[in-house]
Amino acid sequence: MASTRARKQTTPQVGVAGSYIDAYGNERPVAESTRQALQAMIARDDTSDAPLPPVKVFLQHQDAAVSLAGKGSFDWTLSYENGGQVAGRGRAGKTLLLPGALPLGYHLLTLEQAGRQWSCRIIIAPARCYEPPALGQGRRWWGVCAQLYTLRSQTNWGIGDFGDLRLLIEQIARRGGAFVGLNPLHALYPCDAQRASPYSPSSRRWLNVIYIDVNQVDDFRHSHAAQRWWGQEKTRRQLEKVRGGRWVDYPQVMALKLTALRMAFRHFNTRVALDPRVSAFRQFMLQGGENLLRQATFDVLQAHLLQQKGDWRYWQQWPAQYQDHSGEAVRQFFRLQETEIEFYCWLQWLAHEQISGCFEHSRQLGMPLGIYRDLAVGVAQGGAETWGDRALYCLDAAIGAPPDPLAPQGQNWQLPPMNPYEMIARGYQPFIDVLRSNMAHCGALRIDHVMSLLRLWWIPQTASGGEGSYVYYPLDDLLAVLALESQRHRCMVIGEDLGTVPADIIDKLRGAGVYSYKVLFFEQARDNHFRAPQEYPRQSLASVTTHDLPTLRGYWQSIDLSLGRELGLYRDDETLERRMAQREREKQGLLNALHQHGVLPQRVGRNAALTVMGASLNRGVQRYLADSNSALLGLQMEDWLDMATPVNVPGTSDEYPNWRRKLSKTLEAMFADPGLARLIRDIDLRRGSPPADPSS
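So, a few notes on the structure that sits alongside this text. Since this is a predicted model, take the numbers as computed values, not measurements.

Concerning the overall build of the chain
Item 1. For the chain, the count of helices and strands is 23 helices and 26 strands.
Item 2. Within the span of the chain, comprising 696 residues, buried residues form 56% of the whole.
Item 3. Long-range pairs, those at least 24 residues apart, make up 71% of the contacts in the chain between residues at least 6 apart in sequence.
Item 4. Within the chain, one finds 77 positive and 71 negative side-chain charges whose respective centroids are separated by 4 Å.

And the structure:
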């Protein structure tokens, strides 16, 4: 849906809402049974007599004052993140004013009384997220947005990989682009590769190892066994089949890559202990710590159980002794499978090395942002993250969306939500860890469903998508932590704020330096009058479409609506007819806007019903957005190739091959096309010029 300002509503800091404002601006009550069920899920034992909270967040230059509860006097110590301490004495019932001008970062306040100690994390954060100075000075940058797995090349193994990313970065940098935007790269399921949605990951802390470019792995190239396998006719035939297919064959691609990488790992293990590659891997293992080992153990254990032919895709279906990640059975499994678990850690290391190399290459080529990553809103019910931390996730609920015109029954995304009170109790460390993992090796991070910083629609396990309520999160604290990590990583933040956006978050996001996400198809008034390019907000990324929407050709030909009819997504023919008629009105409004702003040649007709999607119209739409006032512009490769079919159809699972459709051309062929070269040159020139004066 288009972004709309919802009617002002009093927002609780943390808790379950008793009502909500729907997509039409009406207040809807929440069933009391639902509210109570959700409240019980997030409730924590609050019998602690701690004289101070677990965490306090302050903006830079704001007085850091902490109220002390309890009785009597306390000795306090403030330990700075980077070393050093100050100490003093405080009294219960009073406010402890910490030393002024505290540095940005995470500090620890400790109280002591009669041998007992209590701690509070003190977070000092900047007011705004990082913004490259050039954007603050009025520059306008463009880039390309790609689903990495869709990329074709002459060298990949049937799926876009980090080698293709490197090639794409080179091509875009050469033409003046500032970034390459990607789908979430989160860890999925190596042994269950059919589960391909990047937005339902096993963990947001680690990477999807299917993106490893095997050709670039030293130990694959130097392994005699691997090279013999690589030269076999059977291997070549398998490779040609998966490379030439229209859809990504995840199981076959994963099997090929794991076969090759196992041989490469055996060669790696022949290296001497002082080999720099061995030292680098050991350092990666040390830094990844328990969380890395847990991720690898999950992957190996899941593969082991699936080989037993049981219905054990999710850890909740596993034998009881394996459901506890810290239990004796899992520890024994770890001892027996230590080499295999190390292999999966090694895969993570390779993936991190390769994406890090891509990002460094983008900077060497002068790209201001380089890589623009995407953070999914949650993790899957049965993945590694929930297996390893059941206290953090409320597994008896799922997040989704309330009923709206696009989903009258509501939506259930089957992603368990984080408990806001548990996040607070841990000093927001889970949120910090996710940000750090995803801000590494990129210049910008898109946060999917950015309203999750304020609220998420929780649905009890046995309820339908519409039978939920909003659970509110500590927005101000989360925004402060986001700004701190953004500044530390020099990583700007883009918030996907589509849908019904509460009024109380719009200004806060803007004030915190979070860029808005503006999609052309939604930037129109009720009379189908499209927003003029100069009216786009400066602090935003503009885009024609997204992975959840039709391509430009698909939109113009209503292919998404026809596909929805074939897949049974509409309740009746009347609903489809209404949407078809509305689409025709939207197309006419868009065509009018393109002519009005002079981005189409006169030979292109003015009647949308009689105008076909051709090169001139395609180019005109992209020129229209290139002229926008938005500081960032993200263009889809599918539209450069004039593709019609979508990569994902929301509301489907097995009905449509989501997350599998490849691009229609290889990267090599695409960038050899003189027509595309002219389009990109036009876009680059337009983005380099100052935007039109809105008053003119």
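Now that the structure is up, let's keep going.
What about the environment of Gly 245?
Item 1. Within the secondary structure layout, Gly 245 lies in the loop between α6 (233-244) and α7 (250-268).
Item 2. Non-local contacts of Gly 245, meaning those with residues more than four positions away in its chain, are made with Arg 152 and Lys 662.

Details of the nonpolar core
Item 1. Counting residues in each nonpolar core, the largest one holds 204 residues, and the members touching the most others are Trp 346 and Trp 458.
Item 2. Both domains that furnish three or more residues to this core are identified here as domain 1 (61-125) and domain 2 (522-630 + 636-689).
Item 3. In this view, Trp 346 contacts Val 217, Asp 219, Leu 261, Ala 264, Phe 265, Phe 268 and Phe 281; residues no more than four positions away in its chain are not counted.
Item 4. Counting 18 residues, the second largest nonpolar core, distinct from the first, contains Phe 58, Ala 64, Trp 76 and Ile 124.

Description of the sheet that holds strand β24 (residues 516-519)
Item 1. The parallel open sheet is built from 8 strands, whose spatial order is β22-β19-β16-β13-β12-β26-β25-β24. Lying at the two open borders of the sheet, with one neighbouring strand each, are β22 (492-495) and β24. Between one strand and the next, the sheet's axes are offset by a mean angle of 25 degrees, whatever the strand orientation.
Item 2. Two elements, β24 and strand β25 (residues 540-543), share 4 bridges in a ladder whose sense is parallel. Looking at the pairing, Lys 518 lines up with Ala 542 of β25.
Item 3. Running at roughly 140 degrees to strand β12 (residues 141-146), helix α23 (residues 674-688) makes contact with β12 and β26 (632-636) of the sheet.

Brief notes about the sheet that holds strand β11 (residues 116-125)
Item 1. With mixed pairing, 5 strands are arranged side by side in an open sheet as β5-β11-β10-β7-β8. Looking at strand neighbours, the two that pair on one side only are β5 (55-59) and β8 (85-91), the edges of this open sheet. On average, adjacent strands in this sheet sit at an angle of 25 degrees to one another, irrespective of strand direction.
Item 2. In terms of strand pairing, strand β10 (residues 105-113) meets β11 through 9 bridges, oriented antiparallel. Within β11, the residue paired with Leu 111 across the bridge is Trp 118.
Item 3. Running at roughly 125 degrees to β10, helix α15 (residues 475-489) makes contact with β5, β10 and β11 of the sheet.

A closer look at the packing of helix α8 (residues 276-306) against helix α11 (residues 338-364)
Item 1. Where α8 contacts α11, the two axes come as close as 8 Å, and the packing angle between them is 115 degrees. Relative to α11, α8 is oriented so that their crossing is right-handed. Residue-level contacts link Arg 277, Ala 280, Phe 281, Arg 282, Phe 284, Met 285, Leu 292, Leu 293, Ala 296, Thr 297, Asp 299 and Val 300 of α8 to Glu 340, Ile 341, Glu 342, Tyr 344, Cys 345, Trp 346, Gln 348, Trp 349, Leu 350, His 352 and Glu 353 of α11.
Item 2. The residue makeup of the contact of α8 with α11, split by class, is 14 nonpolar, 3 polar and 6 charged.

Brief notes about the packing of aromatic side chains
Think of a pair of aromatic rings as described by two things: how far the centres are apart, and how the planes are tilted against each other in angle.
Item 1. Counted according to the given criterion, the structure contains 27 aromatic pairs.
Item 2. Taking the centre distance of 6.2 Å and the plane angle of 75 degrees together, the rings of Trp 206 and Phe 284 count as edge-to-face. You can see Trp 206 sitting in strand β15 (residues 203-207) and its partner Phe 284 sitting in helix α8, a full 78 residues away along the chain. With respect to burial, Trp 206 and Phe 284 carry one shared label: buried.
Item 3. Measuring from centroid to centroid gives 5.0 Å for Trp 457 and Tyr 470, while their planes differ by 75 degrees, and the two rings are edge-to-face. Taken as a pair, Trp 457 in strand β20 (residues 455-460) and Tyr 470 in strand β21 (residues 469-472) lie far apart in primary sequence, 13 residues in all.
Item 4. Sitting over the face of the ring of Tyr 189, Arg 195 holds its NZ or CZ atom 3.7 Å from the ring centroid.

Reading the values: rules and limits
- Residues numbered from 1 in each chain as written.
- Predicted model: local features only at pLDDT ≥ 70, side-chain atom pairs only at ≥ 80, totals over all residues.
- Heavy atoms only, no water.
- Helix = DSSP H or I, 4+ residues; strand = E, 2+ residues; numbered from the N terminus.
- Buried < 20%, exposed > 50% of the residue type's maximum accessible area, 1.4 Å probe, protein only.
- Contact = heavy atoms within 4.5 Å.
- Lys, Arg positive; Asp, Glu negative; His and termini not counted.
- Charge placed at Lys NZ, Arg CZ, Asp CG, Glu CD.
- Core = buried A, V, L, I, M, F, W, Y, C linked by side-chain atoms within 4.5 Å.
- Domains from an automatic or database assignment.
- Pairing = 2+ DSSP bridges.
- Axes fitted to C-alpha atoms, helices over the stretch in contact; angles between N-to-C directions.
- Left-handed = near helix turned anticlockwise from the far one by under 90°.
- Nonpolar A, V, L, I, M, F, W, Y, C, P; charged D, E, K, R; others polar.
- Phe/Tyr/Trp six-rings, centres within 6.5 Å; stacked < 30°, edge-to-face > 60°.
- Lys NZ or Arg CZ within 6 Å of the ring centre and 35° of its normal.

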